[in-house]
Amino acid sequence: MVNAEETNRNNIFLMDQTANPAPLGLCAFGTTTILLSLWNAGVIGITSPIFAMAIFYGGLAQIIAGLMEWKKNNNFGFLTFVSFGFFWMTFAGVLMLPVLGLAKAPGPADLAAFLAVWGIVAFGLLICTLNMHRSLQVTVLAVFLTIALLVAAELTESGLVKLAGGVMGIIAGGLAIYIGLGQVINEVHNRRIIPV
């Protein structure tokens, strides 16, 4: 039979003292989304900064954040960050493989299908956020709307719809950074400075 002292000692060893990985995942998602959305809005070209961000910060850093969420038993954070981390890596691959001569360049229907399956994931995550704080709900809604607009832009080949998708993506990325930095600012100051 286990005595009370033994139980208390074991609980001490099981306490999780690791950092909150959500700010890393949110900032990685947000900055990469803004950078790509600037391209979708026609402000910048699709150059090495976008690929590097997609592979390393949007990709690798989000996957690390997601694995840390798994350790904290947060299925939503795990699914969100690991999925979107691999989204960014995959997106870089979609654009890089044809340049390397390893695959045929995608047409508009191909990109629409690629984005549409991610829209399904984003919609599922949006349903999850209905039981979470409002800022996260609005952020995931903006992500879903960004994807929906970009799917429509690929199917219609409309520059105006692509611009709208780029603007919505900048908003979604900005909201993600706001939540991520807000969580850290509040933690560092040990009080609620930023409403998140």
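Here the structure is shown first, and the text comes after it.
Residues numbered from 1 in each chain as written. Predicted model: local features only at pLDDT ≥ 70, side-chain atom pairs only at ≥ 80, totals over all residues. Heavy atoms only, no water.

A. The arrangement of the packing of aromatic side chains in detail. Applying the stated rule across the entire model yields nine aromatic pairs. Grouping aromatic residues by their ring pairs yields a cluster made of Phe29, Phe84, Phe87, Trp88, Phe91, Phe114 and Trp118. The ring of Trp39 carries the charged tip of Lys162 above its face, separated from the ring centre by 4.2 Å. (Phe/Tyr/Trp six-rings, centres within 6.5 Å; stacked < 30°, edge-to-face > 60°. Lys NZ or Arg CZ within 6 Å of the ring centre and 35° of its normal.)

B. Region of interest: the nonpolar core. Membership of the largest hydrophobic core comes to 33 residues, with the highest contact counts inside it found for Phe84, Phe87, Trp88, Leu115, Val143 and Ile147. At the level of secondary structure, the elements contributing two or more residues to this core comprise α2 (22–40), α3 (48–71), α4 (75–99), α5 (108–129), α6 (134–156) and α7 (159–189). When neighbours within four sequence positions are excluded, Leu115 is seen to be in contact with Phe87, Ile147, Leu150, Val151 and Glu154. (Core = buried A, V, L, I, M, F, W, Y, C linked by side-chain atoms within 4.5 Å. Buried < 20%, exposed > 50% of the residue type's maximum accessible area, 1.4 Å probe, protein only. Helix = DSSP H or I, 4+ residues; strand = E, 2+ residues; numbered from the N terminus. Contact = heavy atoms within 4.5 Å.)

C. Representation of a nonpolar patch on the surface within the structure. A cluster of nonpolar side chains, contributed by Leu24, Phe56, Leu60, Ile64 and Met68, occupies part of the molecular surface with about 430 Å² of accessible area. Looking at the nonpolar patch, the element that brings in the most residues is α3, giving four residues. Considering the arrangement of structural elements, one finds Met68 in helix α3. (Patch = residues over 30% accessible without salt bridge, like charges linked within 9 Å, V, L, I, M, F, W, Y side chains within 5 Å. Areas by Shrake-Rupley, 256 points an atom, 1.4 Å probe, with all protein chains shown as cover. Salt bridge = Lys/Arg side-chain N within 4 Å of Asp/Glu carboxyl O.)

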